Amino acid sequence: MAFRYVIKKRVFGFDETKSEKYVAASFSVGEISYDKLCDQVTKEGMAPRGVVKMVMDGLIDALSTYVSLGATVKLGDFGTIRPGLNCKSQNEAKSVTADSIYRQKLILTPGKRLKEMIKSSGVTRISTNGEEIPSTGNGNGNGSGGNGGDEENPLG
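Now for a description of the structure that goes with this document. (Residues numbered from 1 in each chain as written. Predicted model: local features only at pLDDT ≥ 70, side-chain atom pairs only at ≥ 80, totals over all residues. Heavy atoms only, no water.)

The number of helices and strands found in the chain is 3 helices and 7 strands. In sequence order, the secondary structure elements of the chain are arranged as β-β-α-α-β-β-β-α-β-β. Here the chain holds 156 residues, and 16% of them are scored as buried. When the accessible surface of the chain is totalled, it reaches about 12100 Å², and 54% of it is carbon and sulfur. (Helix = DSSP H or I, 4+ residues; strand = E, 2+ residues; numbered from the N terminus. Buried < 20%, exposed > 50% of the residue type's maximum accessible area, 1.4 Å probe, protein only. Areas by Shrake-Rupley, 256 points an atom, 1.4 Å probe, with all protein chains shown as cover.)

Okay, unusual backbone geometry next. Of note in the backbone geometry, M46 takes a positive phi value of approximately 55 degrees without being a glycine. Considering the arrangement of structural elements, one finds M46 in the loop between α1 (34-45) and α2 (49-68). For M46, a relative accessible area of 74% gives the class exposed.

Inspection of the secondary structure puts S121 in the loop between α3 (112-120) and β6 (122-126). Separated by 2.6 Å, the side chain of S121 and the backbone oxygen of M117 make a polar contact. (Polar contact = N/O pair within 3.5 Å; in protein donor to acceptor, adjacent residues only side chain to side chain.)

It is worth spelling out a nonpolar patch on the surface at this point. Judged by side-chain polarity, F3, M117 and I118 come together as a nonpolar surface patch covering roughly 240 Å² of accessible area. Relative to the elements of secondary structure, I118 occurs in helix α3. On the basis of relative accessibility, which here comes to 41%, the residue I118 falls in the partly exposed class. (Patch = residues over 30% accessible without salt bridge, like charges linked within 9 Å, V, L, I, M, F, W, Y side chains within 5 Å. Salt bridge = Lys/Arg side-chain N within 4 Å of Asp/Glu carboxyl O.)

These results come straight from atomic positions and should not be treated as a statement about function.
Here it is, written out as structure tokens:
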């Protein structure tokens, strides 16, 4: 499996020049619906679809409960989910209020199995017309590229 990327032009405002640079931006091949995910888990885990949906719905309910309390939730090899905030910086501590918070978010820190999957994945550049251009590295310094198209397409 390989992560895919496209080249995007970005304007950086770190200085007065507002210089334009080119960066690699991740490319999604599509979105997997909740129903399709439940179907795949049913195939992988050999559990009835109703049981898979019931467990996943229960997991979401439990996550909602614990994260809304401010807890970090460990999900085994999947990883850890914790609440997070984005806030506008202020010059003085007394100026930091709830009004300076502009986004609440959930932060997923991948667990062992997901980290291993990321480490073993290559990267593949996608041109603007959608064709894949093999890359020379996978971004982690070991020099391997993509998988050469050998892996089954999980998007079906």
